[in-house]
Amino acid sequence: MRKQSSAQVFRITGARQGLADDIRGRQRRYVISMSVRTVSVIAAAVLWNVERHVALVALVLGVLLPYVSVVIANAGRENAPSLPSTFVPAPSRPMLPPTAPPEGAAEPVPEDVTGVTYEDFKARSSEQS
């Protein structure tokens, strides 16, 4: 089997990231943030008798980071604002302004519902008499 070189290739620029890639990225962010939490709790335990201010900061970080990690990991699949819109507006035709009749031109004669003008009716009635 030969591959055809004239095959069309389509590019999808507005598509979201695949579901598997999205889940993998969220899991990676969660593992990284929980690793930072673990390091900060261990640092708080080690530094408690040495530098109490740094140990308190590390302990607060270790307490608050799980909440932040869960919120970041559970952030759903939002649309990226930089992607182009998929909405294509219908083309609109520009409206032309009404034109003024040329100088000396007669006014148009209104037509009847049947499509017969007053002049046609007048001509027919004069032919019959």
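The rules we used
- Residues numbered from 1 in each chain as written.
- Predicted model: local features only at pLDDT ≥ 70, side-chain atom pairs only at ≥ 80, totals over all residues.
- Heavy atoms only, no water.
- Axes fitted to C-alpha atoms, helices over the stretch in contact; angles between N-to-C directions.
- Helix = DSSP H or I, 4+ residues; strand = E, 2+ residues; numbered from the N terminus.
- Parallel < 35°, antiparallel > 145°, perpendicular 65-115°, else oblique.
- Left-handed = near helix turned anticlockwise from the far one by under 90°.
- Nonpolar A, V, L, I, M, F, W, Y, C, P; charged D, E, K, R; others polar.
- Contact = heavy atoms within 4.5 Å.
- UniProt positions renumbered as here; feature names shortened; annotations may be inferred.
- Salt bridge = Lys/Arg side-chain N within 4 Å of Asp/Glu carboxyl O.
- Buried < 20%, exposed > 50% of the residue type's maximum accessible area, 1.4 Å probe, protein only.
- Expected span 1.5 Å × (residues − 1).

A separate point is the packing of helix H1 (residues 19-47) against helix H2 (residues 52-73). The geometry of a pair of packed helices is captured by two quantities: the angle between their axes and the separation between those axes. For the pair H1 and H2, interaxial distance at closest approach is 8 Å and the crossing angle is 160 degrees. By the criterion of interaxial angle, the relationship of H1 to H2 is roughly antiparallel. Our pair here, H1 against H2, has a crossing hand that is left-handed. Looking at the contact of H1 with H2 residue by residue, the class counts come to 17 nonpolar, four polar and four charged.

Next up on the list: the environment of Tyr 30. Note that Tyr 30 resides in helix H1. Placed 43 residues apart in sequence, Tyr 30 and Ala 73 show a C-alpha to C-alpha distance of 5.7 Å. Other than its neighbours up to four places away in sequence, Tyr 30 contacts Ser 69, Val 70 and Ala 73.

What follows is about the UniProt feature "transmembrane region" (unreviewed entry) in the protein. Here, the residues flagged by UniProt with the feature "transmembrane region" (unreviewed entry) are residues 30-48 and 54-75. The straight-line gap between the two end C-alpha atoms of residues 30-48 is 27 Å; of that span, 95% is helix and 0% is strand. Note that residues 54-75 is 91% helix and 0% strand, and that its end C-alpha atoms are spaced 31 Å apart.

Going through the model one piece at a time under the given rule, you end up with two salt bridges. Where Asp 21 meets Arg 24, a salt bridge forms, and the shortest distance between an N and an O atom there is 2.3 Å. Pair noted here: Asp 21 and Arg 24 are both in helix H1, with a separation of three residues, about one helical turn. Note that Arg 26 and Asp 22 form a salt bridge whose closest N and O atoms lie 3.3 Å from each other. You can see Arg 26 and its partner Asp 22 sitting in helix H1, four residues apart, about one turn around the helix. Both residues of the pair, Arg 26 and Asp 22, belong to the buried class.

So, on to H1. A rise of 1.5 Å per residue sets the reference length of H1, with its 29 residues, at 42 Å; its end C-alpha atoms lie 42 Å apart and thus fit the reference within 8%. Taken together, the buried positions of H1 are Asp 22, Gly 25, Arg 26, Ser 33, Met 34, Ser 40 and Ala 44. Residues of H1 that are buried make contact with H2.

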